[in-house]
Amino acid sequence: MSTEFDDAPVAALLGVVRNGRLVPKMWHDRITENPALGSTEVWELFNATADAHPIHIHEVQFQVVDRQRLRLDDQGEVVQPVGLVGRARPREPWEAGFKDTVISYPGEVTRVRLRFQTAGNYVWHCHIVSHEDNEMMRPYRIGPVQPGSPEA
């Protein structure tokens, strides 16, 4: 039966990879990304969905490092525990330089190198508005908890 809501957005979630498994997180879950002030990290953005997602990370500019395909089953779904296929390919030519948003392609891991220079609480999220509005947004903290800021 068809309804007027058949094309409503479906919640895609950001999260972490723990023991090779994708673990989705909601906005209100505890912070899982807490880089030290002044540190440089490479984040791996695993995309197990069928859609490309423009991932925007607040307060930092980063460099796209590379991308690598994820192991898929016969139906095109990401296999868990997650596994990588082949060699990583370099960033696209237009991705040279510093960015604040990167396209995370379906069935791939996208690696970005970030330097964290300003302490505080920030967010990272998919820049598709209907995804932002449906839990594809996560808080993160640079450095220790600041006076007056949430502990989570």
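Asks: I'd like to hear about the side chain of Asp-66, residue by residue, with values.
Replies: Secondary-structure assignment places Asp-66 in strand 5 (residues 62–70). A polar atom in the side chain of Asp-66 sits 2.8 Å from the side chain of Arg-111. Beyond its immediate stretch of four places on either side in the chain, Asp-66 contacts Ala-88, Arg-89, Pro-90, Arg-91, Val-109, Thr-110 and Arg-111.

Asks: Give me the lowdown on the sheet that holds strand 3 (residues 40–47), citing residues and values where you can.
Replies: Across the sheet, which stays open at both edges, the four strands sit in the order 3-8-5-6 with antiparallel pairing between neighbours. With partners counted over all chains shown, the strands left at the sheet margins are strand 3 and strand 6 (84–90), one partner each. Within the sheet, the average angular offset between the axes of one strand and its neighbour, ignoring direction, is 25°. Looking at chain direction, strand 5 and strand 6 are connected through four bridges and run antiparallel. Counterpart to Arg-69 in the pairing with strand 6 is Val-85.

Asks: A description of the pattern of salt bridges should follow, citing residues and the corresponding values.
Replies: A complete count under the given rule lists four salt bridges for this structure. Of the charged contacts, one joins Arg-89 and Glu-108 as a salt bridge, the two residues approaching to 2.8 Å between their closest N and O atoms. Within this pair, whereas Arg-89 is found in strand 6, its partner Glu-108 is found in strand 8 (residues 108–115), the two being separated by 19 residues in sequence. On the basis of relative accessibility, which here comes to 29%, the residue Arg-89 falls in the partly exposed class. Here Glu-108 falls in the buried class, since its relative accessible area comes to 9%. Sharing partners across several salt bridges, the network here consists of Glu-44, Asp-66 and Arg-111.

Reading the values: the criteria
Residues numbered from 1 in each chain as written. Predicted model: local features only at pLDDT ≥ 70, side-chain atom pairs only at ≥ 80, totals over all residues. Heavy atoms only, no water. Helix = DSSP H or I, 4+ residues; strand = E, 2+ residues; numbered from the N terminus. Polar contact = N/O pair within 3.5 Å; in protein donor to acceptor, adjacent residues only side chain to side chain. Contact = heavy atoms within 4.5 Å. Pairing = 2+ DSSP bridges. Axes fitted to C-alpha atoms, helices over the stretch in contact; angles between N-to-C directions. Salt bridge = Lys/Arg side-chain N within 4 Å of Asp/Glu carboxyl O. Buried < 20%, exposed > 50% of the residue type's maximum accessible area, 1.4 Å probe, protein only.

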